[in-house]
Amino acid sequence: MAFLTSAHCTNEENYLFQKFARILGSNNVDCPSFYEGNGNISGVEASVGSAGTTNPFADLLNAEFIIISGSNFLDNHPIVSRWVFEAKAQGTTVVYIDHRAPSSLLLCDRFLQIQPGTQAPLIDGMIAHILEKGLFNKQFVKEHTSGFEPFKKTGLKQSLKNSEKITGIPAANIKEVAEGFASAKAAALIHAADYSHLYGNHDHTIVNLANLALLCGQIGRPGTGIFPLTQHSNAQGTYDMGVTPQALPGQTDLKDTSGRVAKQWKVKSLPSKEGLSFPGMTKATKTRRIKALFLMESNPLAESIYADQLKKTLKGLDLLVVQDSFLTQTAQQADIVLPAVTWAEKTGSYTNAERRVQWQTKIINQQKDILPNWQVICRIAKKLGFKKQFSFSNPEAILMEINKIVPSYKGISRNRIKKIHGMTQPCPAPKHSGTPILYTEGFTTPDGRGHFMPVSYDKKVEKPTAKYPYHLTFGKRSMPPTMVPKIEHAESSGLFVEINPKDAKKILVQNHDEVKIVTKAGAISA
C-alpha cells in the first residue's frame, strides 16, 4: 500500500493521514508537491539539523547582501519578493541567479543568467574562490562546523574556469559575487521553487547554498540565513507532520529506538524500513509492488511531470481511493471517491514558509453529509479496528497529540496562535515564545555543529539532440492544483510557451500560434 497527500491540507489532516499509513504498516507516504519545486525544505536538514527557512522574511531587511537562486522568483514568490525590493531600496545588494530574466530587473543589482540547471556549479565556483583566497570565516568554521577539511579538499578541485564553462557566467562576475557575499556583515541566501530539476542538479543546489552559508558564517544571526522557499500553503507543515517516507513526525528517526511514538500511538511497533518516495511509488505500481493507493486531495495526474506514465500504472492497481472535493483527473481513475471539504470549510493549523504556525477557523459550513477530512480518516481507521488510536473530537484534540509527538510543536495550541496571529516553530514549551531565527545557540544536528557536505555536478544531464533540439524549462501558474482544468487543448489549459525569437523564426512559429511540445516524458499542446 501507498499513501499520497497534499501540501494544501491542514497539519491535523496530514498528521492523521501519515499516522493511519504507519499503523497499517507502511512508510510509503509522501506528498507529490515536494517534487514540483518544493523539494527545497528538506535539503538543508542534514547540513544544519532542521528543514525549512532559518529566518523570518522581514529579517531580509537586515541583510547587506542577498543572493537569490531559483526559477521565476518574482512570479512564484510575490510576498518574499516584496521584502527583497524593500531591502534593495534601503541599500542591500541583491544578486539574482536564474536561466531566465526576471520580469523586473529592478529586483537586483546584478543578474547572472546561467545555463538551465547549473546553479550548483556556479556556487561551486564561488566556494572555490573563497577557499583559495582564504575569505571564509575561519573562527566560525572552527567553532561551529564539522567536515571542513574533506570539504575544502573537494572544493579546491573546482575551478572558476570550469564553473564559467558550465554556467556561461564570466569568472570575473563569479569572483565579484563570491567576495561580496563573504565580506558582508550579514548576507542571506534565497532558493526559490525550481522547476529545472530535470537537469539533475536541483538537490545539490540547496546543499551547496548551505555549504556557502556555513563557510562564511552567514547563519544564526539577523540578516543572514538560508531561505529554501516553497510554493504550497502548507508544504512546511506537511513535512513537519511526517509526510515523508524517510522519517516520523518531527523528523524522528524511523527506527524510533525509544519507542516513544509507538507508545503514544498505542501500538507495539511501527515499520522501521524507509518507504517509497512518490517517484518510487510510480515505478512500484508498474511492477505491482504497490497494489493499492490512497490519495487525499492529491492530483498527480495534473501536477506531476510524469502524469502520462502514472496514468497507465494507476489502471493496474487493485484499489485506488481518492479523497477530494473535486472530481479531478486522478479521481476519475479511482475505484472509490471519498468527498472532502474545501479550504474555506476547514478548521485547523497551517505552517507557512517561514515556519509560522497559524490557526484557521472555517469560514463557511460544509454541505450536508460531507465530513471533514480528519473525520473520514478516523471513521475508516475505526472500521479497521483502530478505535483507540483515532478517537478525536475535533482538530484541537489532534493538535494536542501533535504537541506530544512533534517536539517543535509542543508549545503550540489553538488559543496561543490565534491570540498572537501565529507562532514560529520550534516552540518546545507551553510558555515558549517561538524561534524566529534558528541556530543562534548552535545547530540541531546530533553533534550540535553545521555539517559541510561536498557535492559534485552531474555532467550526465540531458542535452539537446537532433530529435529534441531545445531545452524545456518550467514555470507555474498561480492556480490551486485542484482547480486546474483537464488539459486537452491549449485554449482550455491556459498554457503558453516562450521561445527565443531566433528559434521561433527557424521553425516558422509566430506569436499566438498553437504548438505541440514533445518530450521523452510525453506531449502537450500550448
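Residues numbered from 1 in each chain as written. Predicted model: local features only at pLDDT ≥ 70, side-chain atom pairs only at ≥ 80, totals over all residues. Heavy atoms only, no water.

*Asks:* Could you give an account of the overall build of the protein chain, naming the residues involved and the relevant values?
*Replies:* Within the protein chain, the regular secondary structure consists of 20 helices and 19 strands. Over its C-alpha trace the protein chain gives a radius of gyration of 23 Å, about what one expects of a compact globule, namely 24 Å for 526 residues. Each principal axis of the C-alpha atoms in the protein chain carries an extent, and together these give about 65 × 60 × 40 Å. Within the protein chain, the proportion of its 526 residues that are buried is 53%. For the protein chain, the share of sequence-separated contacts (at least 6 apart) that also reach a separation of at least 24 residues comes to 71%. Total accessible area on the protein chain stands at roughly 24,100 Å², and carbon and sulfur atoms take up 53% of it. Measuring between centres, the 61 positive side-chain charges of the protein chain sit 6 Å from its 45 negative side-chain charges. (Helix = DSSP H or I, 4+ residues; strand = E, 2+ residues; numbered from the N terminus. Rg over C-alpha atoms; globule rule 2.2 N^0.38 Å. Buried < 20%, exposed > 50% of the residue type's maximum accessible area, 1.4 Å probe, protein only. Contact = heavy atoms within 4.5 Å. Areas by Shrake-Rupley, 256 points an atom, 1.4 Å probe, with all protein chains shown as cover. Lys, Arg positive; Asp, Glu negative; His and termini not counted. Charge placed at Lys NZ, Arg CZ, Asp CG, Glu CD.)

*Asks:* So what about helix α15 (residues 307-314)? Which residues, and what values?
*Replies:* Along α15, the residues classified as buried are Ala-307, Leu-310, Thr-313 and Leu-314. Axial view of α15: buried residues confined to an arc of 125°, hence all on one face. Check the buried side of α15 and you find it contacts α13 (278-286), β11 (292-296), α14 (300-303) and β12 (319-324). (Arc of directions from axis to C-beta.)

*Asks:* Break down the packing of helix α5 (residues 119-132) against helix α9 (residues 171-183) for me, with residues and values.
*Replies:* For the pair α5 and α9, the least separation of the axes is 9 Å and the interaxial angle reads 65°. As the angle between them shows, α5 and α9 are arranged roughly perpendicular. In this structure, α5 crosses over α9, and the sense of that crossing is right-handed. Within the contact between the two elements, α5 uses Leu-122, Gly-125, Met-126, His-129 and Ile-130 and α9 uses Ile-174, Lys-175, Val-177, Ala-178, Glu-179 and Ala-182. (Axes fitted to C-alpha atoms, helices over the stretch in contact; angles between N-to-C directions. Parallel < 35°, antiparallel > 145°, perpendicular 65-115°, else oblique. Left-handed = near helix turned anticlockwise from the far one by under 90°.)

*Asks:* Run through a positive patch on the surface, naming residues and quoting values.
*Replies:* Among the surface-exposed residues, Arg-379, Lys-382, Lys-383 and Lys-387 lie close enough to one another that they form a single positively charged patch. Along the chain, Arg-379 turns up in helix α16 (residues 373-383). (Patch = residues over 30% accessible without salt bridge, like charges linked within 9 Å, V, L, I, M, F, W, Y side chains within 5 Å. Salt bridge = Lys/Arg side-chain N within 4 Å of Asp/Glu carboxyl O.)

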